[in-house]
Amino acid sequence: MDALKQFSRIQETALTLESFDQIQHFPKCGGVGVFIGTVRNHHEGKAVKALKYTAYAPVSEKMIRQIEQEIQAKYNVSYVRVIHRIGALDIGEKAIIAIAYAAHRREAFAACEEAVERVKHEVPVWKEEFYMDGSSQYVEGCCIRKDDVAETHSDHHAVQKTEHGQHCHH
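Note that the coordinates shown come from a computational prediction; the quantities given were computed from them, not determined experimentally.

Chemist: So, the environment of tyrosine 101: which residues are in play, and what are the values?
Modeler: Locating tyrosine 101 in the fold gives a position in strand β7 (residues 94–102). Note on tyrosine 101: relative accessible area 4%, which makes it buried. Distance in space between the C-alpha atoms of tyrosine 101 and valine 77 is 6.3 Å, their sequence separation being 24 residues. When sequence neighbours within four positions are dropped, the list of residues in contact with tyrosine 101 reads Asp21, Gln22, Ile23, Phe26, Cys29, Gly31, Val32, Val77, Ser78 and Tyr79. Within the structure, tyrosine 101 has its side chain in polar contact with the backbone oxygen of aspartate 21 (distance 2.5 Å).

Chemist: Any chance you could break down the confidence of the model for the protein for me, citing the residues and the numbers?
Modeler: Averaged over the protein, the pLDDT score is 85; the fraction of residues at 70 or greater is 81%. Note on residues 142–170: pLDDT under 50 across the span, and 48 contacts to partners over four residues away in sequence or across chains.

Chemist: I'd love a proper account of helix α2 (residues 105–122), names of residues and values included.
Modeler: An α-helical turn contains 3.6 residues, so a residue and the one three or four places further along point in the same direction. Helix length check: α2 (18 residues) gives 25 Å between terminal C-alpha atoms against 26 Å at 1.5 Å per residue, within 8%. The set of residues buried in α2 consists of Ala108, Ala111, Cys112, Glu114, Ala115, Val116, Glu117, Arg118 and Val119. Along its buried surface, α2 packs onto β2 (31–38), α1 (57–75), β5 (79–85) and β7.

Here is what the cut-offs are and how they apply
Residues numbered from 1 in each chain as written. Predicted model: local features only at pLDDT ≥ 70, side-chain atom pairs only at ≥ 80, totals over all residues. Heavy atoms only, no water. Helix = DSSP H or I, 4+ residues; strand = E, 2+ residues; numbered from the N terminus. Buried < 20%, exposed > 50% of the residue type's maximum accessible area, 1.4 Å probe, protein only. Contact = heavy atoms within 4.5 Å. Polar contact = N/O pair within 3.5 Å; in protein donor to acceptor, adjacent residues only side chain to side chain. pLDDT = per-residue confidence, 0-100. Expected span 1.5 Å × (residues − 1).

Given below as structure tokens:
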């Protein structure tokens, strides 16, 4: 087997699946789980023009690699990798890609989903949205959890349920 690719988990250039090692290097794996998160044109009813991600790369890089190792062990999968874009992004550009290779689809899906969740909620990457009306604000990542447990906060905007049953923390 060839040596695995070395690449940054925090990248300033366009994200691509070419960054990752190919499934052919993992012959015991039959399942590939992939999540690609892109910049959408709206947030909470406001028209989004673009956004900017910032991070302290050395810390974020280390944390993503640790998350990958923990998920790989937890689900007993062969490969888990996540890359996150920083800098200015336009609508439709890729902001995050997570990939997992496993013997079966269930583990691949589960590992990929947890990798995205943990990176979005644990790694210090900040998102600033720029709106069509000229305003902007920093926002937290939106989770894709399956549970419907709404946390209670004194600020009634802290948790908003989206149309897909997901919760966004603000």
